[in-house]
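Now for the letters of each chain:
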Amino acid sequence: KDVVIWFSKKPQHQWLKPVEVARGTEDAGAPQYACWNPVLWQQPGGSLWLFYKVGPSPSQWWGMVVMSADGGKTWGAPRRLPDGILGPVKNKPVVLRDGAWLSASSTEGNRDGWLVHFELSRDAGATWSKIGPVAKGPGLDAIQPSILMHGEGTLQALARTKQGVVAQTW
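Cut-offs and rules
Residues numbered from 1 in each chain as written. Predicted model: local features only at pLDDT ≥ 70, side-chain atom pairs only at ≥ 80, totals over all residues. Heavy atoms only, no water. Buried < 20%, exposed > 50% of the residue type's maximum accessible area, 1.4 Å probe, protein only. Helix = DSSP H or I, 4+ residues; strand = E, 2+ residues; numbered from the N terminus. Pairing = 2+ DSSP bridges. Lys, Arg positive; Asp, Glu negative; His and termini not counted. Salt bridge = Lys/Arg side-chain N within 4 Å of Asp/Glu carboxyl O. Polar contact = N/O pair within 3.5 Å; in protein donor to acceptor, adjacent residues only side chain to side chain. Core = buried A, V, L, I, M, F, W, Y, C linked by side-chain atoms within 4.5 Å. Contact = heavy atoms within 4.5 Å. 1 Å grid on protein atoms, 1.4 Å probe; cavity = no way out; pocket = protein on both sides within 12 Å on 5 of 7 lines; lining within 4 Å. Points joined across faces, edges and corners; volume = space filled by probe spheres on them. Nonpolar A, V, L, I, M, F, W, Y, C, P; charged D, E, K, R; others polar. Axes fitted to C-alpha atoms, helices over the stretch in contact; angles between N-to-C directions.

**Some remarks on the pairing of strand β11 (residues 142-149)**
Part 1: With six of eight residues buried, β11 is to be regarded as a mostly interior element.
Part 2: Looking at chain direction, β11 and strand β12 (residues 155-161) are connected through six bridges and run antiparallel. Paired with S146 across the strands is L158, a residue of β12.
Part 3: Where β11 folds back on β12, the antiparallel hairpin that results is connected by five residues, among which E152 adopts a positive phi of roughly 65°.

So this is what it looks like as C-alpha cells:
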C-alpha cells in the first residue's frame, strides 16, 4: 500500500529533484492504496498525462489521472476517471486519424477472468467511452493489450494470455 509514483526529468546532463505525483489516496484521512501500472503520455502539442490505477488489488483498482501543463515542473490534483474507465493499462494512448484518443485496457480477476477492452475519447480526455470487452478466443484469457497502427487506419491489438501465447484482435 505504500507504492507511490515519483517524477523526474533530465533536461541536460543531470536529473532534477524528483517530485511525488501520485500517492494512492483521494482525500485526507482516506486509506492509502498502492499505485499501479503508471503510463506517462505527452498529449500532441499539449499536456503531460500520467494515468495509473489505485486500489488494494488489480481486481479492485480504479483509474486515476494527473496532468502537467508545463512538462512536469508542476502537477495538478489527481482525479479519478469515470466508473468503468481504467485508462491505459500499460501503453500510451494512440491518436487516431480523426484526432480521437484510443487506450488499450483490460480487467483481471473478476468472475469473467481476464478481459481486454478499449477506451475512446473524442474530446481530448474530457469524456471517455468503453468499447468491449472484446470477445474471448476459445480458452483464452487476455490482458494488457498493445495497439499497433497499420496503413489505411487498420488497428491490431496484441495481448498477453494466461495460456502463454499472444492473442490478437483486429
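**A word on the sheet that holds strand β4 (residues 48-55)**
Part 1: Read from one edge to the other, the open sheet built from four strands follows the order β3-β4-β5-β6, with strand pairing classed as antiparallel. Every other strand in the sheet has two partners, leaving β3 (34-42) and β6 (79-80) as the edge strands with one partner each.
Part 2: By the bridge criterion, seven bridges tie β3 to β4 in an arrangement that is antiparallel. In the strand pairing of β4, W36 is matched with K53.

**Description of the side chain of K53**
Part 1: Mapping K53 onto the fold places it in strand β4.
Part 2: Here K53 sits buried without a salt bridge, and the closest side chain of opposite charge, E119, lies 7.1 Å off (N-O distance).
Part 3: Within the local environment of K53, its side chain forms a polar contact with the backbone oxygen of L86, the two atoms lying 3.2 Å apart.

**Side note on the nonpolar core**
The nonpolar side chains of a soluble globular protein tend to be buried with one another.
Part 1: Ranked by internal contacts, the top residues of the largest apolar core, which has 13 residues, are I5, V21, C35, L50, Y52, V54 and W75.
Part 2: Looking at this core, the elements with two or more residues in it are β1 (5-7), β2 (19-22), β4 and β5 (62-68).
Part 3: Among the elements that line this core, the one with the most residues is β4, at four residues.
Part 4: Ignoring any residue separated from it by four or fewer positions in sequence, one finds V54 in contact with G24, Y33, A34, C35, W36, Q60, W61, W62 and M64.

**Regarding unusual backbone geometry**
Note on backbone geometry: most residues besides glycine have negative phi, and most peptide bonds are trans.
Part 1: The omega torsion of the bond from G132 to P133 falls at 20°, within 30 degrees of zero and hence cis.
Part 2: Inspection of the secondary structure assignment puts P133 in the loop between β10 (129-131) and β11.
Part 3: Not every positive phi belongs to a glycine, and N37 is a case in point at roughly 45°.
Part 4: Inspection of the secondary structure puts N37 in strand β3.
Part 5: Taking the relative accessible area as the measure of exposure, N37 reaches 23% and is therefore partly exposed.
Part 6: Residues other than glycine seldom take positive phi values, yet Q144 does so here, at roughly 50°.

**Description of the layout of surface pockets**
Part 1: In this structure, the largest pocket occupies an estimated 200 Å³ of space.
Part 2: In this structure, the largest pocket is lined by 16 residues; those nearest its centre are V116, V134, A135, A142 and A167.
Part 3: Those elements that place two or more of their residues in the lining of the largest pocket are β9 (113-121), β11, β12 and β13 (166-169).
Part 4: Taken together, the residues of the lining of the largest pocket break down into 12 nonpolar, three polar and one charged.

**Points about the sheet that holds β13**
Part 1: A sheet is described by the order of its strands in space; here three strands give the open sequence β11-β12-β13, paired in antiparallel fashion. Pairing within the sheet leaves two strands with one partner each, and these edge strands are β11 and β13. On average, adjacent strands in this sheet sit at an angle of 25° to one another, irrespective of strand direction.

**Concerning the side chain of E108**
Part 1: Tracing the sequence through the fold places E108 in strand β8 (residues 101-110).
Part 2: Apart from residues no more than four positions distant in its own chain, E108 is found in contact with P58, S59, W61, G113, W114 and I143.

Any functional reading would require information beyond the geometric quantities listed.
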